[in-house]
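Okay, here's what each chain looks like letter by letter:
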Amino acid sequence: MANPIHTTAAVSTYGNTVKRCMLTHLHHHRHELSDLIPGLPDHIALLCLSCVPPSLLFSVCPSWRRLIYSPSFPPFLSLYTVLSSTDHGDLSNSIQFFNFDPISSKWASLPPPPPDPPLHLLLRHPAFISRYIPVQSVSVSGQLILLAATTHNFFPALSRPLIFNPLNCTWVFGPPLATPRRWCAAGAINGSIYVASGIGAYFSSDVAKSVEKWDFLHDKKTAVVRKGSSWKWEKVKGLKDGRFSRDAIDAIGWRGKLYMVNVKGDAAKEGLVYDTEKDAWEDMPEGMLAGWKGPVAAMDEEVIYVVEELKGALKRYDPERDDWEDIMESERLIGAQQISAGGGRVCVVCGGSNSGGIVVLDVVTDPVRLWIVETPPGFEAVAVHILPRMSQPDLLFPVPP
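Residues numbered from 1 in each chain as written. Predicted model: local features only at pLDDT ≥ 70, side-chain atom pairs only at ≥ 80, totals over all residues. Heavy atoms only, no water.

## Here's the deal with the overall build of the protein
Looking only at helices and strands, the protein has seven helices and 24 strands in total. For the protein, contacts bridging at least 24 residues in sequence account for 56% of all contacts bridging at least 6. Accessible surface for the protein amounts to roughly 17,900 Å². Of this, 54% is attributable to carbon and sulfur atoms. (Helix = DSSP H or I, 4+ residues; strand = E, 2+ residues; numbered from the N terminus. Contact = heavy atoms within 4.5 Å. Areas by Shrake-Rupley, 256 points an atom, 1.4 Å probe, with all protein chains shown as cover.)

This is how it looks when you write it as structure tokens:
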């Protein structure tokens, strides 16, 4: 795949923490990374090479290729997807978690989630043959987090969030939700995760109006998630009614606030904004709500994009004018199901005739560049996230030239 999801800013974001632990890691693997640059000590060579785009290092020599996947090297960004079988008659409801490496243009499956408790997620049902049963996930601090889904008996499938960390390739469970739910609004802002409204084991107006917050704190010095007193969910200001339990919604974190609507797509909808500082809800700006006609994502919580489903138009929100600015249109974007933004790219899970495909848009260039990422044979995408590439410690060891 050309145009990898990689920018200097993206490397800096995830690289600073990694660099702090470089020397410690090299102490254990010095002999395995020898001769990165002949004549230079390894730690100096590593600092020099970390300033070079990984796509260039990959094509030079085997030792540099190994290096960019090692825990010592600042991680570049890649795609993480929730995939399902393209056979819509298959009701086994099996989903797969895959990573697409934009440097090597290869797919790799993620390690399986913990077997206990077993993960049973309902994705299709004979009563809903025209759509997926939602599996809701977010990305926070460079990690993938599954928050809500449905079991075969239409109960909430996750009593605790399930977290995948690409840097150590492990899954862990988070703290238990006060009220496990499905068909909710889920999102993140400033390192905190929110679930709002939705349905529990059965409909309850109390659940439909409730909002829970988890401070997913990340220690910037040690890059370790803290599991102390903050490792729990807490209730915050609830909604005034249960009208936000109609659909599974992505709540969007933008400039210190959380934005969400109650219905997907181009239908008439309501919009609310949660002020995290004031613990208060307010109405969404009229122009923002009027143009919220498809899946929405925020780039680094600073720029909001929408893909208008009916037109296949990518737009960017202008807060000064309270309006959406046209960026580009493409038939491939018509019927877009979900989008993610990061590293100067907007990645789109397609619908309609392109259902389950992935479109990548480089929104830094002018005009915007578009290309397709083909999913693994027999699979289609349900959701996509942009996160650091998986570390592969085994690649530290010498390989034949």
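## A few points about the sheet that holds strand 6 (residues 162-165)
Sheet strands pair via backbone hydrogen bonds, and the direction of the pair is either parallel or antiparallel. Strand order across the open sheet formed by four strands is 4-5-6-7, with antiparallel pairing between neighbours. Taken across any chain shown, the strands that pair with only one partner, and hence form the sheet edges, are strand 4 (136-140) and strand 7 (170-173). On average, each strand axis in the sheet is tilted by 25° relative to the strand beside it, whichever way the strands run. (Pairing = 2+ DSSP bridges. Axes fitted to C-alpha atoms, helices over the stretch in contact; angles between N-to-C directions.)

## Re the confidence of the model for the protein
Scored by pLDDT, the protein comes out at a mean of 84, with 82% of its residues at no less than 70. Here helix 1 (residues 8-20) is the element of the protein with the lowest mean pLDDT, 42, and strand 18 (residues 313-318) is the one with the highest, 98. Considering only residues more than four positions removed or in separate chains, one finds that residues 218-226, a stretch of pLDDT under 50, has 16 contacts. Note on residues 395-401: pLDDT is under 50 here. Beyond four places in sequence and across chains, it has 15 contacts. (pLDDT = per-residue confidence, 0-100.)

## Here we look at the state of the cysteines
Under the counting rule described, the total for this entry stands at zero disulfides. This cysteine, Cys-48, is not joined by any disulfide, and Cys-51 carries the nearest cysteine sulfur, 7.1 Å off. Classification of Cys-48 as partly exposed rests on a relative accessible area of 39%. (Disulfide = S-S within 2.5 Å. Buried < 20%, exposed > 50% of the residue type's maximum accessible area, 1.4 Å probe, protein only.)

## What about the pattern of salt bridges?
Considering all chains together, one arrives at 15 salt bridges under this definition. Note that Glu-325 and Arg-316 form a salt bridge whose closest N and O atoms lie 3.3 Å from each other. With relative accessibility at 24%, the residue Arg-316 sits in the partly exposed group. It is possible to trace a salt-bridge network through shared partners that takes in Asp-241, Arg-243 and Glu-270. (Salt bridge = Lys/Arg side-chain N within 4 Å of Asp/Glu carboxyl O.)

## Points about the environment of Ser-210
Mapped onto the elements, Ser-210 comes out in the loop between helix 6 (205-209) and strand 10 (211-215). Placed 28 residues apart in sequence, Ser-210 and Gly-238 show a C-alpha to C-alpha distance of 4.8 Å. Leave out the neighbours within four places in its chain, and Ser-210 touches Arg-181, Val-195, Ala-196 and Ser-197. A polar contact is formed between the side chain of Ser-210 and the side chain of Arg-181, at a distance of 3.1 Å. (Polar contact = N/O pair within 3.5 Å; in protein donor to acceptor, adjacent residues only side chain to side chain.)

## Considerations on the pairing of strand 2 (residues 95-101)
Of all seven residues that make up strand 2, six are buried, and the element is covered over most of its length. Pairing between strand 1 (residues 77-85) and strand 2: six bridges, direction antiparallel. Among the inter-strand pairings, Tyr-80 is bridged to a residue of strand 2, identified as Asn-99. As paired elements, strand 2 and strand 3 (residues 106-109) share four bridges and run antiparallel to each other. The partner of Asp-101 across the bridge, within strand 3, is Lys-106. From the end of strand 2 to the start of strand 3, which pair antiparallel, there are four residues, and Ser-105 there has a positive phi angle of about 60°.

## Considering helix 3 (residues 42-49)
Each full turn of the α-helix corresponds to 3.6 residues, which orients residues three or four apart in the same direction. Listed in full, the buried residues belonging to helix 3 are Asp-42, Ala-45, Leu-46 and Leu-49. Each buried residue of helix 3 lies within a common arc of 100° when the element is viewed along its axis, so the set occupies one face. (Arc of directions from axis to C-beta.)

## A word on the side chain of Arg-181
Summarising the element assignment, Arg-181 is placed in the loop between strand 7 and strand 8 (185-189). Within polar-contact distance, the side chain of Arg-181 engages the backbone oxygen of Thr-179 at 3.2 Å. Setting aside anything within four residues of it in sequence, one finds Arg-181 in contact with Ala-148, Ala-149, Pro-156, Val-195, Ala-196, Ser-197, Ile-199, Gly-200, Val-207, Ser-210 and Glu-212.

## Brief notes about the sheet that holds strand 18
An order of 16-17-18-19 is seen for the four strands of this open sheet, with the pairing classed as antiparallel. Sheet topology places strand 16 (296-299) and strand 19 (323-329) at the edges, where each strand pairs with a single neighbour. Between one strand and the next, the sheet's axes are offset by a mean angle of 30°, whatever the strand orientation. Relative to strand 18, strand 17 (residues 303-308) runs antiparallel, the two sharing four bridges. Bridge assignment links Glu-308 to a residue of strand 18, and that residue is Ala-313.

## Quick notes on the nonpolar core
Phe-97, Leu-110, Leu-146, Phe-164 and Trp-171 are the most contacted members of the largest nonpolar core, which totals 20 residues. A per-element tally of this core places strand 24 (residues 379-388) first, with three residues. Not counting residues within four places of it along the chain, the set of residues in contact with Phe-97 comprises Thr-81, Val-82, Ser-109, Leu-110, Pro-113, Leu-146 and Trp-171. Counting residues in each nonpolar core, the second largest holds 17 residues, with Val-307, Ala-336, Cys-350 and Leu-361 among its members. (Core = buried A, V, L, I, M, F, W, Y, C linked by side-chain atoms within 4.5 Å.)

## Concerning the packing of aromatic side chains
With the rule as written, the count across this model stands at 14 aromatic pairs. Taking the centre distance of 5.1 Å and the plane angle of 55° together, the rings of Phe-100 and Trp-107 count as tilted. Plain terms: the ring middles of Phe-164 and Trp-171 are 5.1 Å apart, the flat faces sit at 50° to each other, and that makes the pair tilted. A relative accessible area of 0% means that Phe-164 is categorised as buried. A network of ring pairs unites the aromatic residues Tyr-80, Phe-97, Phe-164 and Trp-171 as a single cluster. Above the face of the Phe-58 ring, Arg-65 is positioned so that its terminal group lies 4.7 Å from the ring centre. (Phe/Tyr/Trp six-rings, centres within 6.5 Å; stacked < 30°, edge-to-face > 60°. Lys NZ or Arg CZ within 6 Å of the ring centre and 35° of its normal.)

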